[in-house]
Amino acid sequence: MLTWPLFRLSVFSCCVVVTAAVAAGDGQVALFDGKSLKGWVQKGGVAKFRVEGNSIVGQTVANTPNSFLCTKKKYSDFVLEYEFKCDKTLNSGVQFRSSVYDKETKVNIRGKDKTFPAGRVHGYQCEIDPNKPDRMWNAGVYDEGRRGWLYPGKNGGEGEAFTKQGQKIYKKEDWNSVKIVCQGDHIQTWLNEVPRADFVDDLTAEGFIALQVHGVGKRQDPIEVRWRNLRIRSLVDSDR
């Protein structure tokens, strides 16, 4: 069981009520039409993405870096919900408020210069972590290509408690549901309706959503991750 300061629990409890009400209302939009990859574009590596049944399937390819299937549209404040099922030997995730540069670009992040190669997807990622059962940080938040782990990490959360909770609620090689809520600098996640990440970070205010297939080095046999029921509700008029 995770431990937070009392004031943090109070804020979190209030947000759960508010965001649950938002998610239950009208205005959800499907990100996947169930039959094609219309509205998406691939960036990064050359893993294979296809539609199968009611799911988007990501399949690994040897000797390629992390691959991302990205929405063409950007989003800022939203409630994003989806389900995933992942091979136990694969690592994956869903990017949000993420970006990519067309050419090599140097950016100052929190006082440190960082150079992004052309085509390198970076930004917040809601983790899919079945290949690391001793860690099991599913629905934790990783800053892809930039600062590494944000939750659990320096911005809050206890790694050991987070792991134990993840091991308990994750459904191995079965469908798992995720909810991500971004409201200003407040980021929250749920896994199978259980609260996971809850922290504040203001580095990126908007960006695309992306489905990640992690690189697997020289491994030749393909392994897969699947997503379905991808839907989003914008919380700001400009994203609707």
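This text gives an overview of the structure that appears in the document. This one's a predicted model, so the numbers in the text were calculated from it and none came from an experiment.

### Examining helix H2 (residues 159-169)
Residues Ala161, Phe162, Thr163, Gln165, Gly166 and Ile169 constitute the buried set of H2. Where H2 is buried, its residues meet strand E12 (148-151), strand E13 (176-183), strand E14 (186-191) and strand E15 (194-200).

### Quick word on the state of the cysteines
A full pass over the atoms with the stated rule returns zero disulfides. Not engaged in a disulfide, the cysteine cysteine 126 finds its nearest cysteine sulfur in cysteine 182; these two sulfurs lie 9.6 Å apart. Classification of cysteine 126 as buried rests on a relative accessible area of 0%.

### With respect to the packing of aromatic side chains
For the structure shown, the criterion picks out nine aromatic pairs. Relative to tyrosine 170, the ring of phenylalanine 84 lies with its centre 6.2 Å away and its plane at 20°, an arrangement referred to as stacked. Taken together, the positions of phenylalanine 84 in strand E6 (residues 78-86) and tyrosine 170 in the loop between H2 and E13 put the pair 86 residues apart, joining distant regions of the chain. An identical accessibility class is assigned to phenylalanine 84 and tyrosine 170; each is buried. Centroid distance tyrosine 151 to phenylalanine 162: 5.7 Å. Interplanar angle 70°. Geometry classified as edge-to-face. With tyrosine 151 in strand E12 and phenylalanine 162 in helix H2, this residue pair connects regions lying 11 residues apart in the sequence. Accessibility classification places tyrosine 151 together with phenylalanine 162 in one group, the buried group. Among the aromatic side chains, those forming a connected cluster through ring pairs are Trp137, Tyr142, Trp149, Tyr151, Phe162 and Phe199. One cation-aromatic arrangement involves lysine 179 over tryptophan 190; the distance from NZ or CZ to the ring centre is 4.6 Å. The side chain of arginine 228 reaches across the aromatic face of tryptophan 175, ending 3.9 Å from its centre.

### So, the nonpolar core
Within the largest apolar cluster, 45 residues are counted, with the highest numbers of intra-cluster contacts made by Tyr82, Phe96 and Trp227. In terms of residues, this core owes the most to one element, E6, which gives five residues.

### Describing the pattern of salt bridges
Think of it this way: side chains of opposite charge can pair up when their charged atoms draw near. Following the criterion strictly, the structure yields 17 salt bridges and no others. Where aspartate 77 meets arginine 97, a salt bridge forms, and the shortest distance between an N and an O atom there is 2.8 Å. Of the two residues, aspartate 77 sits in the loop between strand E5 (67-75) and E6 while arginine 97 sits in strand E7 (residues 92-99), which places them 20 residues apart along the sequence. Of the two residues, aspartate 77 and arginine 97, both sit in the buried class. Between glutamate 160 and lysine 164 there is a salt bridge; the shortest N-O distance is 3.4 Å. Of this pair, glutamate 160 and lysine 164 both sit in helix H2, four residues apart, which is roughly one turn of the helix. Taken individually, glutamate 160 and lysine 164 each receive the classification exposed, so the pair is uniform in this respect. By sharing partners, the salt bridges in this structure join Arg110, Asp143, Arg146, Arg147, Asp201 and Asp202 into a single network.

Cut-off values and rules
Residues numbered from 1 in each chain as written. Predicted model: local features only at pLDDT ≥ 70, side-chain atom pairs only at ≥ 80, totals over all residues. Heavy atoms only, no water. Buried < 20%, exposed > 50% of the residue type's maximum accessible area, 1.4 Å probe, protein only. Helix = DSSP H or I, 4+ residues; strand = E, 2+ residues; numbered from the N terminus. Contact = heavy atoms within 4.5 Å. Disulfide = S-S within 2.5 Å. Phe/Tyr/Trp six-rings, centres within 6.5 Å; stacked < 30°, edge-to-face > 60°. Lys NZ or Arg CZ within 6 Å of the ring centre and 35° of its normal. Core = buried A, V, L, I, M, F, W, Y, C linked by side-chain atoms within 4.5 Å. Salt bridge = Lys/Arg side-chain N within 4 Å of Asp/Glu carboxyl O.

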